[in-house]
Amino acid sequence: MEMVEQLISRTDAAYQRWLASVTDDVVADGVVMFCLESLPERNTTYEIGEWLTGYLMIGQEGDRGFFLRCDDGGGPVFRADLGGLGEADLDVAAPVFEVWLRSGFALPADPEPDLPPTADVYVGGIPADGVQLLVRARKLLGVDWRFGDLRGLLAAQPFLAVRSAHLYALRRDLECAPELRPYLLYATDHGLEAVWPTESPESR
C-alpha cells in the first residue's frame with residue numbers, strides 16, 4: 001500500500017482530487033476506474049511495478065488498462081493491453097486526466113483500418129488438411145457450402161466466398177476469430193488483400 005500511495009502522491013493533481021472524492025470503483029463507458037482501496041490489489045495482480053516502473057494503473061476496460069506516469073508532471077492518460085506491458089505498448093487515451101474526467105471517461109475510437117465499405121471476399125491459403133478452419137470460415141461468413149464439398153473447396157483456393165461483403169463488419173467478426181485472419185481476403189484492382197492485414201497493430 002505504501003508504494004501505491006507514493007505513486008499517487010506523484011500523479012496529476014486533478015487525479016488526486018478525483019481519487020479523494022470517490023469511495024467505490026466508478027464504472028463509466030465500459031471503463032472501471034479504481035478507488036483508493038482497489039488500487040493496490042489491481043496494480044499488484046497485474047505486476048504493474050515490474051512491467052511499467054513509475055506508472056500507476058488507474059482503471060481498466062476488459063483486458064486493457066489505463067495508466068498515469070508518476071513523475072510529478074501530470075501528462076497524458078495512457079492505455080495498453082494488459083497482456084503485453086511495456087512503455088512501447090502505451091497509447092495516449094487522453095491528453096491529461098482532467099480532460100478525460102470531463103468526458104465521462106469516454107474512450108477514444110480505435111483507428112479504423114483502411115478498407116473499402118464492400119468487396120468480394122475470397123478464402124485462400126488454408127492448409128489442405130484444414131477442413132475445421134473452413135468449417136469455421138463457413139460459419140463466420142454465413143455461407144451454406146455443403147460439407148461434402150469442403151475438401152474440393154480447399155483444393156480450389158483461392159475461391160470466391162461472398163460477393164459484396166461488408167468489410168468493416170467482417171473485420172469486427174475477425175476480432176473474435178484470430179485463427180481465420182490469414183485466410184480471408186478481399187478483391188482489389190491489384191489482386192487479393194487480407195481483410196485483417198498482418199502489419200495491423202491489433203494483430204500482434
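As shown above, the structure is provided for reference.
Bear in mind the structure is a predicted one, so any value in this text is a computation, not a measurement. (Residues numbered from 1 in each chain as written. Predicted model: local features only at pLDDT ≥ 70, side-chain atom pairs only at ≥ 80, totals over all residues. Heavy atoms only, no water.)

Participant: Help me out: how do you make sense of the overall build of the chain in this one?
Facilitator: Secondary structure summary: the chain contains eight helices and 10 strands in total. Taking 17 Å as the expected radius of gyration for a compact globule of 204 residues, we find that the chain reaches 22 Å, considerably beyond that expectation. Seen through its C-alpha atoms, the chain measures out along the principal axes to roughly 65 × 30 × 30 Å. Out of the 204 residues belonging to the chain, those deemed buried represent 41%. For the chain, restricting intrachain contacts to residue pairs at least 6 apart in sequence, the fraction spanning at least 24 positions comes to 51%. When the accessible surface of the chain is totalled, it reaches about 11,400 Å², and 51% of it is carbon and sulfur. Computing the positive centroid from 17 side-chain charges and the negative centroid from 33, the chain places the two 7 Å apart. (Helix = DSSP H or I, 4+ residues; strand = E, 2+ residues; numbered from the N terminus. Rg over C-alpha atoms; globule rule 2.2 N^0.38 Å. Buried < 20%, exposed > 50% of the residue type's maximum accessible area, 1.4 Å probe, protein only. Contact = heavy atoms within 4.5 Å. Areas by Shrake-Rupley, 256 points an atom, 1.4 Å probe, with all protein chains shown as cover. Lys, Arg positive; Asp, Glu negative; His and termini not counted. Charge placed at Lys NZ, Arg CZ, Asp CG, Glu CD.)

Participant: Explanation requested: unusual backbone geometry in the structure shown.
Facilitator: Among all residues save glycine, negative phi is the norm, and among peptide bonds the norm is trans. Following Q157, the chain continues to P158 via a peptide bond in cis, the omega torsion being -5 degrees. By the secondary structure assignment, P158 is in the loop between α7 (150-155) and β8 (159-166). In this model, E47 sits at a positive phi of 50 degrees, which is unusual for a non-glycine residue. Counting through the fold element by element, E47 comes out in the loop between α3 (39-45) and α4 (48-51). Phi angles above zero are rare outside glycine, and F105 is one such case at about 60 degrees. In this fold, F105 is placed in the loop between α5 (97-102) and β7 (118-123).

Participant: Is there a simple way to explain the sheet that holds strand β10 (residues 191-194) in this structure?
Facilitator: Sheet strands pair via backbone hydrogen bonds, and the direction of the pair is either parallel or antiparallel. Pairing is antiparallel across the open sheet formed by four strands, whose spatial order is β8-β7-β9-β10. This sheet does not close on itself; its edge strands, each paired only once, are β8 and β10. Direction aside, neighbouring strands of the sheet carry axes that sit 40 degrees apart on average. Here β7 runs beside β8; their pairing, made up of five bridges, is antiparallel. In the sheet register, Y122 faces β8, and the bridge partner there is L160. Of the strands in this sheet, β7, β8 and β9 (184-188) are in contact with helix α8 (residues 167-174), which crosses β8 at around 110 degrees. (Pairing = 2+ DSSP bridges. Axes fitted to C-alpha atoms, helices over the stretch in contact; angles between N-to-C directions.)

Participant: So what exactly am I meant to see when it comes to the pattern of salt bridges here?
Facilitator: When their charged atoms lie close together, side chains carrying opposite charge are able to pair. A full pass over the atoms with the stated rule returns five salt bridges. With a closest N to O distance of 3.0 Å, R64 and E61 form a salt bridge. (Salt bridge = Lys/Arg side-chain N within 4 Å of Asp/Glu carboxyl O.)

Participant: I would appreciate a short explanation of the packing of aromatic side chains in the present structure.
Facilitator: The geometry of an aromatic ring pair comes down to the distance between the two centres and the angle between the two planes. With the rule as written, the count across this model stands at nine aromatic pairs. Ring plane angle 75 degrees and centroid distance 5.4 Å describe the contact between W145 and F159, whose orientation is recorded as edge-to-face. Within this pair, whereas W145 is found in the loop between α6 (131-141) and α7, its partner F159 is found in strand β8, the two being separated by 14 residues in sequence. Both residues of the pair, W145 and F159, belong to the buried class. (Phe/Tyr/Trp six-rings, centres within 6.5 Å; stacked < 30°, edge-to-face > 60°.)

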